[in-house]
Structure formats: structure tokens, C-alpha cells
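Take a look at the letters that make up each chain.
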Amino acid sequence: MIDAVRYLVGNGIKWRATPSDFPPWPRVYAFFGRWRDTGLVAELHDLLREVVREAEGRGACWSRQPPRPAGTPPLISVLQS
């Protein structure tokens, strides 16, 4: 699913134009919508940005996102489910 969303966003194509190599577009869109609504997309973006910054020797930067609420599962557990 992550590859499908990355493909759609990276290439700027419409959801209905999803290649047949990926799951049907309504399913990909539903996953993306859930991830967006729970803040997972923003969290994943922030984590990837920190990894890139640290790899470039610039160190982590201040995050725009507030801390996750208590009882919210960590990012990796949400992606694995």
C-alpha cells in the first residue's frame, strides 16, 4: 500500500489511473484516507525527514506535529497491521 500511495503522489496521477500492479484504487485510497485522518502520513513524513537530515549530518529539526496522544500506538505497529 505504501508503494501504491508513493507512486500516486510521486507521479501526480489520478487515483483511478492506478496501475494494475497495485491493489484496486478504492482500496489504496481507503488506506491513505485512514492514514491521513489518524495523522500517520504527517508522522511518517516527519520521521523520514529526520532520518534524511541526520544522514546528511544536519541533525533532527523541530517537528511541526504535536506529540502523539497517550495510548496511541507507535507508527511501526500501525504500519504492520
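In what follows, the structure referred to is the one given above.
What this report covers is the structure whose coordinates are included nearby. Not measured: the values here are computed from a predicted model.

Okay, helix H3 (residues 40-55) next. Think of an α-helix as 3.6 residues a turn; residues three or four steps apart then line up on the same face. With 16 residues, H3 ought to run about 22 Å at 1.5 Å a step, and its terminal C-alpha atoms sit 22 Å apart, in line with that. Of the positions making up H3, those classed as buried are Leu40, Glu43 and Asp46. Taken around the axis of H3, the buried residues stretch over an arc of 130°, which confines them to a single face. Gly57, located one to two residues past H3, shows a positive phi value of around 80°.

On to the pattern of salt bridges. Tallying each qualifying case throughout the model produces four salt bridges. Close ionic contact of Asp46 with Arg49 constitutes a salt bridge, the shortest N to O distance being 3.2 Å. Of this pair, Asp46 and Arg49 are both found in helix H3, three residues apart, which corresponds to roughly one turn of the helix. The partner of Arg58 in a salt bridge is Glu56, with the nearest N and O atoms 2.7 Å apart.

The rules behind the values
- Residues numbered from 1 in each chain as written.
- Predicted model: local features only at pLDDT ≥ 70, side-chain atom pairs only at ≥ 80, totals over all residues.
- Heavy atoms only, no water.
- Helix = DSSP H or I, 4+ residues; strand = E, 2+ residues; numbered from the N terminus.
- Expected span 1.5 Å × (residues − 1).
- Buried < 20%, exposed > 50% of the residue type's maximum accessible area, 1.4 Å probe, protein only.
- Arc of directions from axis to C-beta.
- Salt bridge = Lys/Arg side-chain N within 4 Å of Asp/Glu carboxyl O.

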